[in-house]
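Chain residues, written in single-letter form:
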Amino acid sequence: MKRLQTTIAEGRLKDRNKMERRLGKIQARHAQVNDLFEVTLRDTPAGIRLVWEMKAERKAWRDLREGAYLLRTNLQADSAEEMWSKYMQLTEAEASFRALKSELSIRPLFHQKEPRVKAHVLVAFLGYALWVTLKHLLKRRPAIVPQPSASGVDNAQPFSPKKALALLSTLQSADIVLPTTDGREIRLRRITEPTAEQKSLLHQLGLSLPERLKSLSKCSADSAIA
């Protein structure tokens, strides 16, 4: 406002329409305090001048609201704590949409037929239900002994669903194929050895990895599978 006032007073901006546009941009950029001030472009003997002052009746309101967080709602609550708890449910809903789009990667929708849209919505709902279930399991079953992370820093904070899935996604199964002298192949399916952090997470969830998995595919018509 001071820079615009100086620009107008020095005659570098003479078009009233441009002044009003510049002023409108400033007011839009600072809408949170725009209602506290009376701002006008006033004609004076020296030319157009920008004049503003704080509204006297708004000064007390400014002092009261500074540093405060105000909510207006039609919800009923017996206490401020209960109202805040209800409001925080909105952030949970917003977080669910972020999880659908990012971590679960099942949005947006580009289907042309209604049954496909309904199927996609069902998959999205089931995916998010599993996501929330994992979140509550991680909260209810804290790690007994915090394990050091890959960076070497003890991780005492509970795992988030995103971190848990990212950590477990590195676990893989691999097939060891051993050719025999008679032309057959012996296939052994093994699981990669989990790290200390992965073992802690699996223990926290009450899960255990089998030593090996049964292979359901055959490499040849006469394949031996161990």
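Notes on the structure in this doc start here. The structure presented is a predicted model; accordingly, all values stated were derived computationally and were not measured. (Residues numbered from 1 in each chain as written. Predicted model: local features only at pLDDT ≥ 70, side-chain atom pairs only at ≥ 80, totals over all residues. Heavy atoms only, no water.)

### Quick notes on a positive patch on the surface
Working step 1: A cluster of basic residues, Arg3, Lys18, Arg21, Arg22, Lys25 and Arg29, forms a positive patch at the surface.
Working step 2: Tallying contributions element by element places helix H2 (residues 16-29) first for the positive patch, with 5 residues.
Working step 3: Its location among the elements puts Arg22 in helix H2.
Working step 4: Judged by relative accessible area, Arg22 falls into the partly exposed class, the value being 38%. (Patch = residues over 30% accessible without salt bridge, like charges linked within 9 Å, V, L, I, M, F, W, Y side chains within 5 Å. Areas by Shrake-Rupley, 256 points an atom, 1.4 Å probe, with all protein chains shown as cover. Salt bridge = Lys/Arg side-chain N within 4 Å of Asp/Glu carboxyl O. Lys, Arg positive; Asp, Glu negative; His and termini not counted. Charge placed at Lys NZ, Arg CZ, Asp CG, Glu CD. Helix = DSSP H or I, 4+ residues; strand = E, 2+ residues; numbered from the N terminus. Buried < 20%, exposed > 50% of the residue type's maximum accessible area, 1.4 Å probe, protein only.)

### Quick look at the nonpolar core
Soluble, globular proteins show a tendency: their nonpolar side chains are buried together.
Working step 1: By size, the foremost hydrophobic cluster in this structure holds 10 residues: Leu4, Ile8, Leu13, Met19, Leu23, Ile26, Val39, Leu41, Ile48 and Leu50.
Working step 2: Breaking this core down by element, the ones donating at least two residues are helix H1 (2-9), H2, strand E1 (37-44) and strand E2 (47-54).
Working step 3: It is H2 that provides the largest number of residues to this core, a total of 3 residues.
Working step 4: The residues contacting Leu13, other than those within four sequence positions of it, are Leu4, Thr7, Ile8, Lys18, Met19 and Arg22.
Working step 5: Core analysis: the second largest hydrophobic core is formed by 7 residues, Leu134, Phe159, Leu167 and Leu201 among them. (Core = buried A, V, L, I, M, F, W, Y, C linked by side-chain atoms within 4.5 Å. Contact = heavy atoms within 4.5 Å.)

### Some details on the environment of Lys199
Working step 1: For Lys199, the position within the fold is in helix H8 (residues 196-205).
Working step 2: Overall, Lys199 belongs to the partly exposed group, its relative accessible area being 42%.
Working step 3: In contact with Lys199, not counting residues within four places along its chain, are Glu193 and Pro194.

### Comments concerning H1
Working step 1: Inspection of H1 places Leu4, Thr7 and Ile8 among the buried residues, and these make up the whole buried set. Mapping the buried residues of H1 onto a view down its axis gives an arc of 95°, with all of them on the same face. When the buried face of H1 is taken as reference, the exposed residues oriented beyond 90 degrees from it are Lys2 and Arg3.
Working step 2: Directly beyond the C-terminal end of H1, a positive phi value near 80° is found at Gly11. (Arc of directions from axis to C-beta.)

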